[in-house]
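Structural overview for review
Chain residues, written in single-letter form:
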Amino acid sequence: MSESQTMTVTVTPPEQRHERVKPASQSWFIARLNPVSRFICPLIMSLPLFTTLDVVSASIQFVLSVILLWIGGINPLVVLRRTWPVWIAAAGSFVTIALYGRTSGTVHFAWAAIVISDGSLYLAVATFLRVAAIAVPSVIFVLGLDPTDLADGLVQILHLPSRFVYGALAGIRMFTLLQEDWRALGLSRRSRGLGDGNPVRRVCSQAFALLVLSIRRATKLATAMEARGFGASDTRTIARVSKLHTIDWVSYVIALIVPAIAVGTAVATGYWNLPLTSN
């Protein structure tokens, strides 16, 4: 190459490179939480609702959760849009309990096993609200959660067995490859003229091939992890430190206060009752 054709490529030094970090959540508050806290907080908020089935406690907790998420940076419309599977499940539970729930009060419609009454409608509304109050915050907290950070937190904070946690993490990482493997197997079979026959036989045969491929990959992955000391009984060194901060303890306090207000209001107003004894 002549001197006139010489090209100079400028490379930025590693210490001067600043890559934009993808936020762990749309909420500035949730994004700063430890991944373990993002699992524990919805669990703490959900447990008290299992002690009662009423409209008051579920509605208050749902409203408080939406307001807190709004303060945390997530618009209520975004919450509703990103949790659409929850609303489908809640609607299904509402219809089922309204048609087949415990009968009490005035009967509005009756046909065979279907009886719609005041009692069944009340239970249906209470169940709908309870599903929303439990599932909506849980989904929002989990969205954007990095599995690797969660595994580090489970091992270092909750002291779960590292072999089990990191093995599950490796399995989750490999699970994302199933769709690509299925597509590659389908294309390879069609290139050999094996994909134009009976669709049922083709799916079963391709599924068996995918199973064999998954077992082989899992065997290689297990061998590689053992070679890197994942099965050792000695104490492992920590590459990424995971610990709780002040904001995590604040989230635990909030997770205790919200259900306490909801259930306390239900008890004070006389709406609290056990799910199995609701009328």
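An unreviewed UniProt entry lists the protein under the name Cobalt ABC transporter permease, with Bifidobacterium callimiconis as the source organism. Here is the UniProt Subcellular location (unreviewed entry) comment for the protein, exactly as written: "Membrane".

Closest axis-to-axis distance for the helix H3 (residues 55-71)/helix H6 (residues 118-142) pair is 8 Å, and the angle between their directions is 30 degrees. Classified by the interaxial angle, the pair formed by H3 and H6 is roughly parallel. Helix-helix and strand crossings are classified by hand; for H3 and H6 the assignment is left-handed. The segment H3 lies against H6, with Val55, Ala58, Ser59, Gln61, Phe62, Ser65 and Leu69 engaging Tyr122, Val125, Ala126, Leu129, Arg130, Ala132, Ala133, Val136, Pro137 and Ile140. Looking at side-chain class alone, the contact of H3 with H6 contains 13 nonpolar, three polar and one charged residues.

With that settled, consider the pairing of strand S2 (residues 114-117). For a regular strand, side chains alternate in direction, first toward one face of the sheet and then toward the other. The alternating pattern of S2 places Ile114 and Ile116 and Val115 and Ser117 on opposite faces, both of which are buried. In this sheet, S2 lies alongside strand S1 (residues 107-111) in antiparallel orientation, the contact comprising four bridges. Residue pairing across strands places Phe109 opposite Ile116, the latter belonging to S2. Connecting the antiparallel pair S1 and S2 is a turn made up of two residues, with Ala112 showing a positive phi of about 55 degrees.

Ranked by size, the top nonpolar core spans 24 residues in total, and within it Phe62, Val79, Val136 and Ile140 carry the most contacts. At the level of secondary structure, the elements contributing two or more residues to this core comprise helix H1 (28-31), helix H2 (35-46), H3, helix H4 (76-82), H6 and helix H11 (246-269). For this core, the element with the highest residue contribution is H6, accounting for seven residues. With residues up to four places along the chain from it excluded, the contact list for Val136 reads Phe62, Val79, Thr83, Val86, Trp87 and Val131. One finds Val155, Tyr166, Leu169 and Ala170 within the second-largest nonpolar core, a separate group that totals seven residues.

Right, let's talk about the environment of Trp84 for a bit. Within the fold, Trp84 resides in helix H5 (residues 84-100). When its relative accessible area of 54% is taken as the criterion, Trp84 is described as exposed.

We now examine the UniProt feature "transmembrane region" (unreviewed entry) in the protein. The sites that UniProt annotates as "transmembrane region" (unreviewed entry) are residues 47-72, 84-101, 121-144 and 249-272. Helix makes up 65% of residues 47-72 and strand 0%, whereas the separation of the span's terminal C-alpha atoms amounts to 22 Å.

Side chains of Val63, Ile67, Leu68, Ile71, Val250 and Ile254 sit close together on the surface and give an oily, nonpolar patch of about 470 Å² of accessible area. The biggest single contributor to the nonpolar patch is H3, with four residues.

In this structure the tally under the stated criterion is five aromatic pairs. Residues Phe62 and Trp87 carry aromatic rings whose centres are separated by 5.7 Å and whose planes lie at 90 degrees to one another, so their mutual orientation is edge-to-face. With Phe62 in helix H3 and Trp87 in helix H5, this residue pair connects regions lying 25 residues apart in the sequence. With relative accessibility at 18%, the residue Phe62 sits in the buried group. With a centroid separation of 5.5 Å and an interplanar angle of 80 degrees, the aromatic rings of Trp249 and Tyr252 are classed as edge-to-face. With Trp249 and Tyr252 both in helix H11 and three residues apart, the pair spans about one turn of that helix. Following the ring pairs from residue to residue traces out a cluster consisting of Phe62, Trp87, Phe94 and Phe128.

What counts, and at which threshold
- Residues numbered from 1 in each chain as written.
- Predicted model: local features only at pLDDT ≥ 70, side-chain atom pairs only at ≥ 80, totals over all residues.
- Heavy atoms only, no water.
- UniProt positions renumbered as here; feature names shortened; annotations may be inferred.
- Axes fitted to C-alpha atoms, helices over the stretch in contact; angles between N-to-C directions.
- Helix = DSSP H or I, 4+ residues; strand = E, 2+ residues; numbered from the N terminus.
- Parallel < 35°, antiparallel > 145°, perpendicular 65-115°, else oblique.
- Left-handed = near helix turned anticlockwise from the far one by under 90°.
- Contact = heavy atoms within 4.5 Å.
- Nonpolar A, V, L, I, M, F, W, Y, C, P; charged D, E, K, R; others polar.
- Buried < 20%, exposed > 50% of the residue type's maximum accessible area, 1.4 Å probe, protein only.
- Pairing = 2+ DSSP bridges.
- Core = buried A, V, L, I, M, F, W, Y, C linked by side-chain atoms within 4.5 Å.
- Patch = residues over 30% accessible without salt bridge, like charges linked within 9 Å, V, L, I, M, F, W, Y side chains within 5 Å.
- Areas by Shrake-Rupley, 256 points an atom, 1.4 Å probe, with all protein chains shown as cover.
- Salt bridge = Lys/Arg side-chain N within 4 Å of Asp/Glu carboxyl O.
- Phe/Tyr/Trp six-rings, centres within 6.5 Å; stacked < 30°, edge-to-face > 60°.

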